[in-house]
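Each chain, letter by letter, is given below.
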Amino acid sequence: MKINRIMVVGAGQMGSGIAQVAAQAGVKVLLNDIKQEFVARGLNRIETNLAKDVAKGRKSSQEKDAILANISASLSLDDAAGCDVVIEAAMENLEIKREIFQKLDKICPAHTILATNTSSLPITELASVTKRPDKVIGMHFMNPVPVMKLVEIIRGLETTDEVYKRIEEMSIKFGKEPVEVNDAPGFVSNRVLMPMINEAVFCLYEGVGKPEAIDKVMKLGMNHPMGPLALADLIGLDTCLYIMEVLYEGFKDSKYRPCPLLRQYVKAGRLGAKSGRGFYTYNK
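Note that the structure is predicted; figures quoted are calculated from it, not measured. (Residues numbered from 1 in each chain as written. Predicted model: local features only at pLDDT ≥ 70, side-chain atom pairs only at ≥ 80, totals over all residues. Heavy atoms only, no water.)

S.K.: I keep staring at the state of the cysteines and nothing clicks. Help me out?
M.R.: Here a disulfide denotes a covalent bond joining the sulfur atom of one cysteine to the sulfur atom of another. For the structure shown, the criterion picks out 0 disulfides. You can see Cys108 has no disulfide; the closest cysteine sulfur is in Cys83, sitting 6.9 Å from it. Accessibility expressed as a relative area gives 7% for Cys108, which makes it buried. No disulfide involves Cys203; its nearest neighbouring cysteine sulfur is the one of Cys259, lying 9.3 Å away. Cys203 gets classed as partly exposed once you look at its relative accessible area, which sits at 25%. (Disulfide = S-S within 2.5 Å. Buried < 20%, exposed > 50% of the residue type's maximum accessible area, 1.4 Å probe, protein only.)

The following block contains the structure:
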């Protein structure tokens, strides 16, 4: 099966990034969301990214225009009827994703592969609400998508080898380096990353160090490009909390308990860069 057209459901930071790398690979993309303003914001983010590439000499204006021409706006999941692959990149909420997958399963033709960009939720459980669990798979891109090379490809219990191979080939076409991972809470990336971030929050909570000190230790001492608290702000503290709760629920192990300070910040609306304030303050 040749992949000629895909839909990306969710035009936020992750979804628009996925749409961009697909369009750069010459694939026709439908960028879908529930409101026109959300899609417009996503398209503007893509155009801004490409304009920076042109300004830095990485792309020509003609290449930029050709990439943008590969992306169309969509406000209805019904548009997925003409797609070979749908990549869901909605908010990290199991019920929302289940509802989207149920709808897509009814709309899409039998050959369509349904992928999810979830960063922690079980692929097998999402697949179970469809009549094509063999064609459901995880594609966990890293943020920012146009820059980061990794994509975790997560098999559900019934994902076939053929579907895995198609998605692996598509990921390579997108310029990514795919890594095969089996279905487990947090997969590999967030099972390792989120407890580290959570422990950094505990260091702040217990007064071991200030945010700048904690981040500097990890940057200069461990050669991390970004400190864990700054990274949490970039990811979104609500997302970090949600993933920690998925890990805690999935493993029933106290080492995954979310730090009370993380929960408090989220309740206060201090969600990180996207809200203007998290562990650091940002100009929105």
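S.K.: When you look at the pattern of salt bridges in this model, what are you seeing that I'm missing?
M.R.: On inspection of all chains with the given rule, the structure shows 17 salt bridges. Salt-bridge contacts for Glu125 lead to Arg98; the nearest nitrogen and oxygen are separated by 3.8 Å. Here Arg98 lies in helix α4 (residues 94–107) and Glu125 lies in helix α5 (residues 123–127), a separation of 27 residues in the sequence. A residue is classified by how much of its surface remains accessible, and Arg98, at 23% relative accessible area, is partly exposed. Where Glu245 meets Arg263, a salt bridge forms, and the shortest distance between an N and an O atom there is 2.7 Å. Of this pair, Glu245 sits in helix α10 (residues 237–251) while Arg263 is found in helix α11 (residues 260–267), placing the two residues 18 residues apart along the sequence. Given a relative accessible area of 32%, Glu245 falls into the partly exposed group. Each of Asp53, Arg58 and Lys59 takes part in salt bridges that share partners, so that together they form one network. (Salt bridge = Lys/Arg side-chain N within 4 Å of Asp/Glu carboxyl O. Helix = DSSP H or I, 4+ residues; strand = E, 2+ residues; numbered from the N terminus.)

S.K.: Can you walk me through the UniProt feature "site: Important for catalytic activity" (unreviewed entry) in the chain in this structure?
M.R.: Using the residue numbers shown here, the UniProt feature "site: Important for catalytic activity" (unreviewed entry) corresponds to His140. Locating His140 in the fold gives a position in strand β6 (residues 136–141). Setting aside residues no more than four positions away along its own chain, His140 makes contact with Thr116, Asn117, Thr118, Ser119, Leu150, Val151, Glu152, Ile154, Phe187, Ser189 and Asn190. (UniProt positions renumbered as here; feature names shortened; annotations may be inferred. Contact = heavy atoms within 4.5 Å.)

S.K.: Sorry, what's going on with the domain arrangement of the chain here?
M.R.: In many reports, interface size means the accessible area that the parts give up when they come together. Here the domain parsing of the chain yields domain 1 (5–182) and domain 2 (190–274). Centre-to-centre, using C-alpha coordinates, domain 1 lies 27 Å away from domain 2. Taken together, the contacts link 8 residues of domain 1 with 5 residues of domain 2. Of the roughly 560 Å² buried where domain 1 meets domain 2, counting both sides, 54% is carbon and sulfur surface. It is Glu92, Ser119 and Ser120 in domain 1 that bury the most area against domain 2; as a group they hold 55% of the surface buried on that side. Counting across the domain 1 and domain 2 interface gives 2 residue pairs in polar contact (both at pLDDT 80 or more). Residues of the side of domain 1 that touches domain 2, tallied by class, amount to 2 nonpolar, 5 polar and 1 charged. (Domains from an automatic or database assignment. Buried area = accessible area lost by both parts, 1.4 Å probe. Polar contact = N/O pair within 3.5 Å; in protein donor to acceptor, adjacent residues only side chain to side chain. Nonpolar A, V, L, I, M, F, W, Y, C, P; charged D, E, K, R; others polar.)

S.K.: In this structure, what is going on with the UniProt feature "binding site: NAD(+)" (unreviewed entry) in the chain? I would like to understand it.
M.R.: Mapped onto this numbering, the UniProt entry gives "binding site: NAD(+)" (unreviewed entry) at Gly10, Ala11, Gly12, Gln13, Met14, Gly15, Asp33, Glu92, Lys97, Ser119, Asn143 and Lys274. Within the secondary structure, Met14 is located in helix α1 (residues 13–24). The buried category is assigned to Met14, whose relative accessible area is 19%. Leaving out residues up to four positions away in the same chain, Met14 has contacts with Asn117, Phe141, Met142, Asn143 and Val145. Mapped onto the elements of the fold, Asp33 is located in the loop between β2 (28–32) and α2 (36–55). By relative accessible area, which is 15% here, Asp33 ends up buried. Within the local environment of Asp33, its side chain forms a polar contact with the backbone nitrogen of Ala11, the two atoms lying 2.8 Å apart.

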